[in-house]
Amino acid sequence: MILPRVAVMAVALWTLPGCSSVPRIVKEYRIDVQQGNVLTQEMVAQLRPGLSRDQVRFVLGTPLLMDMFHANRWDYFYSLQKGRSGEIETRRLSVYFDTDGKLVRVSGDVAAAEPGVAEPVSETRNREIDLGSLPEDGSAVMPPPDEKGFFDRMMETVGF
């Protein structure tokens, strides 16, 4: 009589951990969370030296941060968290003005690109563009892209 009870108890204890991990056949929907100012290459490409603060605000929108200690600098930040993968994409841009309120330079990881060229910009690299050195007609020549490193070449060889 004791043996069947022990056997039933052993089977119950053996199958109990199987109930704790339920396979996820149907996943819940997660939305994309977007925060800050949407910054695109096309928007930054419209910036030219000598634009007023109002013109920059029209092109890029209201800045996320206008620091009272740096009155001649506006900071824009954009963050997008993908709901499905959890991947986070961020962009930062700082706009600098002179004492007259005219645009002097921009810096950040969103750089002005030539029209029609979609070149991804690395999030880890901060680029600075002196808008005073750009020609007025918009025919700026971008520097050549950096060559790939050892691990990038290895990942490309493997197929990633």
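For the structure, see preceding data.
Reading guide: rules and limits
Residues numbered from 1 in each chain as written. Predicted model: local features only at pLDDT ≥ 70, side-chain atom pairs only at ≥ 80, totals over all residues. Heavy atoms only, no water. Helix = DSSP H or I, 4+ residues; strand = E, 2+ residues; numbered from the N terminus. Contact = heavy atoms within 4.5 Å. Buried < 20%, exposed > 50% of the residue type's maximum accessible area, 1.4 Å probe, protein only. Polar contact = N/O pair within 3.5 Å; in protein donor to acceptor, adjacent residues only side chain to side chain. Phe/Tyr/Trp six-rings, centres within 6.5 Å; stacked < 30°, edge-to-face > 60°. Lys NZ or Arg CZ within 6 Å of the ring centre and 35° of its normal.

Novice: Give a detailed account of the environment of Leu-64, specifying residues and quantitative values.
Specialist: Residue placement: Leu-64 occurs in the loop between helix 3 (53-60) and strand 2 (65-66). Sequence spacing of Leu-64 and Asp-75 is eleven residues, and the spatial spacing of their C-alpha atoms is 6.1 Å. Once residues lying within four places of it in the same chain are set aside, the contact partners of Leu-64 are Asn-37, Asp-75 and Phe-77.

Novice: Can you break down the side chain of Ser-94 residue by residue, with the values?
Specialist: Inspection of the secondary structure puts Ser-94 in strand 4 (residues 88-97). Ser-94 gets classed as buried once you look at its relative accessible area, which sits at 14%. Of note is the side chain of Ser-94, whose polar atom sits 2.6 Å from the side chain of Asp-75. The contacts of Ser-94, once residues within four sequence positions are left out, are Arg-73, Trp-74, Asp-75, Arg-105, Val-106 and Ser-107.

Novice: Residues and numbers for the packing of aromatic side chains, please.
Specialist: Enumeration according to the criterion identifies two aromatic pairs in this entry. With a centroid separation of 4.9 Å and 70° between ring planes, the pair formed by Trp-74 and Phe-97 is classed as edge-to-face. With Trp-74 in strand 3 (residues 73-81) and Phe-97 in strand 4, this pair connects stretches of sequence that are 23 residues apart. Phe-97 matches Trp-74 in its accessibility class, with the two residues each being buried. Measuring from centroid to centroid gives 5.3 Å for Phe-150 and Phe-151, while their planes differ by 75°, and the two rings are edge-to-face. Phe-150 sits in the partly exposed class, given a relative accessible area of 49%. Under the relative-accessibility criterion, Phe-151 is labelled exposed at 65%. Over the aromatic face of Phe-97 sits the side chain of Arg-53, whose NZ or CZ is 4.6 Å from the ring centroid. One Lys or Arg, Arg-105, reaches over the ring of Tyr-96 and ends 3.9 Å from the middle of that ring.

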